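Fold and contact review
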Amino acid sequence: MIQNRLTRRHALALSGGLAALGLSGLPAQAAPSLRSEALSGEDWAALGADVKAEFKWAWDHYVAKAWGKDEINPVSGTARSFFIEGHDLGLSLIEALDTLWIMELDEEFQAGLDWVKSSLSFDIDAYSQVFETNIRLVGGLVSAHLACGDPVLLEKAKDLADRLMKAFDASPHGLPYRYVNLKTGAVRDPETNLAEIGTYATEFGVLGQLTGDDRYYAAAKRAMKHALDMRSDKGLMAANIHAETGLFTSRNASIDVYADSFYEYLWDSWELFGDTDMKRWAEECMGAMVAHQGKRFDGRLWFPMVDYETAETTAYSQTVLGAYLAGLLGQVGLKTAGDDFLATYTEMQEQYVIIPESTDVRTRTPRGKGTGLRPEFADACLNLWLGDRDERYRVLTALHYQHMKATSKAAFGYTSLADITTRPMAQGDNCPGYWWSEQMKYYFIMFAEPKRIDLDRLQLSTEACVLRGFVRG
Ligand code: IFL
């Protein structure tokens, strides 16, 4: 378990210490379990510079191999579409923009901005997933606009949000359908879930502030309230819901799959907009989770799926995505539970090096072998660190970063993993768009404490788009 104070006796210079452990950064090397005691925090600035250098290195490969494409496949040097097969929307580029700006990679930022101005149009006769389009593209464009002030970024964000609003308007309850045709406004897939109906309030709220149009935030809040009004006596919601009937379609309350960012956006809406309804709902939901969903297996705290009315466990698995909750619990004032839950994932990181995509909570064994280059552990560490600046969260994040470098670095960027149980781990061939927006930003903010970020005002979306806290010189 992590020590609160790390002594110099245990200190290894980060690069030297990792090299001694066989983790000097060769692609796909076996990564033995690093103990947090093996790292000390004596040179965070150097580690921050290292993160920036890795980001720039990966960006250069994206420019060379996949410019304007949604995602790079960094082993083969090919690219893939994310939203619409065969029609790319520059996803990785847009997700990278505010990270580039924070890192003061200004030429790269400008090149990305020029591409948005010259090449990005949403007038496409094809269906796009409303949730993903919002958190990645609307969020990325709004954040880039907040960074540099360019009005074209705001125009593009508004144009896209207006197209997504059709998915809300089509439902009798204001619950967005999962997919909308960006050109015609036609909708499909009414069987949806909390995350996909309830992850709009921060992007839409900031967009509303910037445009003076409160329809966006009202639509986002209405959808969330609909589900919140159906909470059980235990204060829990089922995770699956139907946009046409307005009814839950499962009995499973979940903190991760189908649900996670719904809960983040309750608290974030309080932080960003001072919305007291959202604050109350966040506190009530988190309180109900801790009371009825938090369960111990072999002494470790997990939040498996439970029946939303009886709170009986319905599945004995938890994904790595659930780690976000450790940070959110800290944010809403339930820090003991947050630290407790982080300790569960910390142990998984120490045991498996890369936290499994999904874990059997009874045995702490991986369910499946591949992972998606996930950022949630670092996300939780950042939110807890912002709360009290305890050094141990940075140490855990440094481990997360070094493990990623040791296992996921490929010829043309960073990749998902196909098998974390082999040594060396088998690499996949995809860099998800969120890598550009999430973990590299979390690492850089924590290690470098960049001058373009005011840590006391910082507010990030679920995709880590900066929605407040830029410092413009
Ligand atoms: O897109 C990311 C985002 O944080 C989210 N869900 C999962 C992704 C990262 O794992 O809301």
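Reference entry: report on the structure contained in this document. Here the structure is a predicted model, which is why all the values come from computation and not from measurement.

Helix and strand counts for the protein chain stand at 17 helices and 20 strands. Its C-alpha atoms give the protein chain a radius of gyration of 21 Å, within 12% of the compact-globule value 23 Å for 473 residues. Summarising its shape, the C-alpha atoms of the protein chain cover approximately 60 × 55 × 40 Å along the three principal directions. Taken across its 473 residues, the protein chain has 63% of its residues classed as buried. By sequence separation, contacts in the protein chain at least 24 residues apart represent 68% of the contacts at least 6 residues apart.

The next thing to look at is the side chain of R452. Structurally, R452 can be placed in the loop between α17 (439–448) and β19 (459–460). Engagement of the side chain of R452 in a polar contact is seen with the backbone oxygen of W101, the distance being 2.8 Å.

A few words on the packing of aromatic side chains. Using the criterion set out here, one finds 27 aromatic pairs in the structure. Seen from their ring centres, Y62 and W436 are 5.8 Å apart, and the 55° between their planes marks the pair as tilted. Of this pair, Y62 sits in helix α2 (residues 44–66) while W436 sits in helix α16 (residues 434–437), placing them 374 residues apart in sequence. For the pair Y62 and W436, one class covers both residues: buried. Relative to W436, the ring of W435 lies with its centre 4.9 Å away and its plane at 90°, an arrangement referred to as edge-to-face. Pairwise contacts between aromatic rings join F55, W57, W59, Y62, W67, Y414, W435 and W436 into one cluster. The ring of F412 carries K65 above its face, with NZ or CZ at 4.6 Å from the centroid. The aromatic ring of W270 is capped on one face by K279, whose charged end is 5.3 Å from the ring centroid.

To continue, consider unusual backbone geometry. Here R423 and P424 are connected by a cis peptide whose omega angle stands at -5°. On the secondary structure map, P424 appears in the loop between β17 (417–419) and β18 (426–427). Within the chain, A311 stands out as a residue other than glycine whose phi angle is a positive 70°. Within the element layout of this structure, A311 appears in the loop between β11 (306–307) and β12 (317–319). A relative accessible area of 9% places A311 in the buried class. Phi is positive for R364, which is not a glycine, with a value near 55°.

Time to look at the packing of helix α12 (residues 324–331) against helix α13 (residues 335–352). Two numbers describe how α12 lies on α13: the axes approach to 7 Å, and their chain directions differ by 165°. What the angle tells us is that α12 and α13 run roughly antiparallel. Regarding α12 and α13, the two cross each other, and that crossing is left-handed. Where α12 approaches α13, its residues L325, A326, L329 and G330 are matched on the opposing element by K335, A337, G338, F341 and L342.

If you check the shell around the ligand, you find F131, I135, R136, L321, R374, P375, E376, Y434, E438, T462 and E463 and nothing else. One of the side-chain nitrogen or oxygen atoms of E376 is found 2.6 Å away from an oxygen atom of the ligand. Between the ligand and T462, the relevant distance is 3.0 Å, taken from an oxygen atom to a main-chain nitrogen or oxygen of the residue. With the chains in place, 91% of the 290 Å² that the ligand exposes on its own is no longer accessible. Counting residues per element, the shell around the ligand draws most heavily on helix α5 (residues 130–148), which supplies three residues. Across the shell around the ligand, the residue classes tally to five nonpolar, one polar and five charged.

This part covers the pattern of salt bridges. Using the criterion set out here, one finds 43 salt bridges in the structure. Between D123 and R163 there is a salt bridge; the shortest N-O distance is 3.3 Å. Within this pair, whereas D123 is found in the loop between α4 (106–119) and β3 (127–129), its partner R163 is found in helix α6 (residues 151–169), the two being separated by 40 residues in sequence. In this structure, D162 engages R215 in a salt bridge whose closest nitrogen and oxygen atoms are separated by 3.9 Å. Linking D162 in helix α6 with R215 in helix α9 (residues 215–228), this pair joins segments that are 53 residues apart in sequence. One continuous salt-bridge network, built from bridges that share partners, spans K221, R231, D275, D277, R280 and E284.

Pairing within the open sheet is antiparallel, and its three strands lie in the order β3-β4-β5. The open sheet has two edge strands with one neighbour each: β3 and β5 (187–188). Here strand β4 (residues 179–181) runs beside β5; their pairing, made up of two bridges, is antiparallel. By the bridge assignment for β5, V180 is matched with V187. Contacting β4 and β5, α6 runs over the sheet at an angle of about 120° to β4.

This brings us to α5. Over its 19 residues, α5 runs 26 Å from end to end, which matches the ideal 27 Å to within 8%, given 1.5 Å per residue. Most of α5 sits inside the fold, with 18 of its 19 residues counted as buried. Of the residues one or two after α5, G149 is the one with positive phi, at around 85°.

Taken in spatial order, the three strands make up an open sheet running β12-β13-β14, and their pairing is antiparallel. Of all strands in the sheet, those bounded by a partner on one side alone are β12 and β14 (365–366). For β12 and strand β13 (residues 358–360), the ladder comprises three bridges, and the chain directions are antiparallel. Bridging across to β13, Q318 finds its partner in T359. Each of β12, β13 and β14 is contacted by α13, which is oriented at about 85° to β12, the strand it contacts most.

The rules we used
- Residues numbered from 1 in each chain as written.
- Predicted model: local features only at pLDDT ≥ 70, side-chain atom pairs only at ≥ 80, totals over all residues.
- Heavy atoms only, no water.
- Helix = DSSP H or I, 4+ residues; strand = E, 2+ residues; numbered from the N terminus.
- Rg over C-alpha atoms; globule rule 2.2 N^0.38 Å.
- Buried < 20%, exposed > 50% of the residue type's maximum accessible area, 1.4 Å probe, protein only.
- Contact = heavy atoms within 4.5 Å.
- Polar contact = N/O pair within 3.5 Å; in protein donor to acceptor, adjacent residues only side chain to side chain.
- Phe/Tyr/Trp six-rings, centres within 6.5 Å; stacked < 30°, edge-to-face > 60°.
- Lys NZ or Arg CZ within 6 Å of the ring centre and 35° of its normal.
- Axes fitted to C-alpha atoms, helices over the stretch in contact; angles between N-to-C directions.
- Parallel < 35°, antiparallel > 145°, perpendicular 65-115°, else oblique.
- Left-handed = near helix turned anticlockwise from the far one by under 90°.
- Near = heavy atom within 4 Å.
- Areas by Shrake-Rupley, 256 points an atom, 1.4 Å probe, with all protein chains shown as cover.
- Nonpolar A, V, L, I, M, F, W, Y, C, P; charged D, E, K, R; others polar.
- Salt bridge = Lys/Arg side-chain N within 4 Å of Asp/Glu carboxyl O.
- Pairing = 2+ DSSP bridges.
- Expected span 1.5 Å × (residues − 1).

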